[in-house]
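Notes for the structure review
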Amino acid sequence: MTEHTGNRRSTGGDVLVEVLRQHGVTTVFGVISIHNLPLVEAVDRELEFVEMRHEAAAVNAADGFARASGGLGVALTSTGTGAGNAAGSMVEALTAGSRVLHITGQIESEFLAPDRPAASRGVIHEFPAQPRMLDAISAYSTTITEAKDVEAELETAIARILAAPSGPASVEWPTDLQYLASPDAQRPVPSAPAPAAPPVPDADAVARAADLLRNARRPLLWLGGGAAGAGGEVAELARQLGAGIITSNSGRGVVAEDTPLVIGNFATTPAVRALLGDADVLLAVGTHFRSNETASYSLSLPENIIQIDVEPTTVGRVYPAAVGLVGDAAQTIASLLAQLDVAATADEWPHRVTAVREEVRADLTTYIGGYAEICTAIRDALPRGSVIARDVTIPSSQWGNRLLPIYERGTNIFPLGGGIGQGLAMGIGAAHARPDIPTLVLAGDGGLAVHLGELASLAGSGAPVIVLVVNDGGYGVLRNMQQKNGFRRSGVDLHTPRFDLLAASMDIPYRLVRGPGVIAEALEAAVAHGGPSFIEVDVEAIDPAPGPFVPPVHVPVEAH
């Protein structure tokens, strides 16, 4: 690395900038603090620094950026409480396997003892157990202990982020070493550590899997997030086999959802249950068969399951696998394609798959009443490459995660861990990854209130984000759960801000949608505006009234 010239003093921030540039990073999200001043100064000078108002939102934004761009998302936070604020969002990134680099401050290195936390002396902002916390919420974590090792530590963290299976990394960086590190004083790093290559599946197992697929009469595919990057191979395999494609929520868009063989995220519907019951082979790619997508594991699947995953412990963990293939999804499916010749698929099977696809969509469209107009208007107004970031709210869980078409995996952003309130910041991050087209954030009033301050971050950045808030005056999902299970209505009716006044205070254009025939025009105007926009939907005025949504959460009942 080279020393910067001129009167300005070089710091560790310059080291950080050069490392990020080597990896194509141009945008960083963060909250400035006395514990990261040199880093923020350099990033803001040399790259694009997006100021967020809360550390959790900074990590969410970096996460959304990583998912939408397919690259590396970077977040800068403070130490102690600041790092703790980021923890929940790091859990989300860890759950999703997102490529997020979280750099947090730390107290001066002279006060860090190797036997933390026993050696705590009460330094201001000290959190002795911070390394243990970061280790728990990250796929990799480390502490910078020498100014000359900054480049090497950052490169090691990034290599772990990019390895398969991918995941976030945390680097805690003492404030004195942020000032003392400089580009020309770094320990030589002969070459950046290469991400570990994914395993290669056993050749005999590939042959057995290919034989099962070749002879299948009624094949199905189930795609999870681990199928990302294998869209072309999956689409070709489905075409050759005439196989229907079921997805988890995170597998949506791996193959565009306007493809006739894509059923989508409808596995627990009666029609798809029947299809699964008649299927003779299921190829599962990069899915964990999560509880909410298998009716708490009660969903019946075919006996012949071929499971592909880069993580060995995932294979057969939930449903037994007749053949397990540990390897990269794209490479493994390419190996299967190389061994397929003619398929034995029954002639009527692809037609039945497409019929089921249309049936489940028609059924849900009818059930959601006036929401169907909103769903259609969103898809009509947005370009195919627009990100749709969905918070945890009834419209997302009931139809946004299923019926709203997704054409590209990088546009499908939602909190995989189920945490409420993360959608807005994830949408801000995604919009910076795709600044030439609008991003839509679909949120509820309760979820938006978790991080109302990020509306100021959005306004300040000018990012093209349309915030579509469905207002039912609280937590509608939990209201429905309480009513269904006979519980007293508690904690779900919230004081809701005047969103028109809130938007006006941020100089964000606002539109209220009350009743049918309005949403399409509101969305078209927001897209044409090009910057931040706010649309509020009054749930009470939705017509026809939608059917209730109760999340698929198991509530145990005592046996008698």
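Residues numbered from 1 in each chain as written. Predicted model: local features only at pLDDT ≥ 70, side-chain atom pairs only at ≥ 80, totals over all residues. Heavy atoms only, no water.

Some remarks on the environment of Leu299
Within the element layout of this structure, Leu299 appears in the loop between β10 (281-285) and β11 (305-309). Its relative accessible area of 3% is what places Leu299 among the buried residues. In the structure, Leu299 is positioned 32 residues away from Ala267 in sequence and 8.3 Å away in space, judged by C-alpha atoms. Not counting residues within four places of it along the chain, the set of residues in contact with Leu299 comprises Trp222, Ala267, Thr268, Arg273, Leu276, Glu293, Thr294 and Tyr319. (Helix = DSSP H or I, 4+ residues; strand = E, 2+ residues; numbered from the N terminus. Buried < 20%, exposed > 50% of the residue type's maximum accessible area, 1.4 Å probe, protein only. Contact = heavy atoms within 4.5 Å.)

Quick word on the sheet that holds strand β1 (residues 27-30)
Reading across from one edge, β2-β1-β3-β4-β6-β5 is the order of the six strands in this open sheet, with parallel pairing throughout. Single-partner strands in this sheet number two, and they are β2 (48-51) and β5 (140-143). Pairs of neighbouring strands in the sheet enclose a mean axial angle of 20°, with direction left out of account. Pairing analysis gives six bridges linking strand β4 (residues 100-106) to strand β6 (residues 169-174), with the strands arranged parallel. Paired with Gly105 across the bridge in β6 is Trp173. (Pairing = 2+ DSSP bridges. Axes fitted to C-alpha atoms, helices over the stretch in contact; angles between N-to-C directions.)

Side note on the pairing of strand β3 (residues 73-77)
Along β3, five of the five residues are buried, which leaves the element largely enclosed by surrounding structure. Of the two faces of β3, both are covered, the one formed by Gly73, Ala75 and Thr77 as well as the one formed by Val74 and Leu76. When β1 meets β3, the two strands line up parallel, connected through two bridges. When the bridges of β3 are listed, Gly30 appears paired with Leu76. Here β3 runs beside β4; their pairing, made up of five bridges, is parallel.

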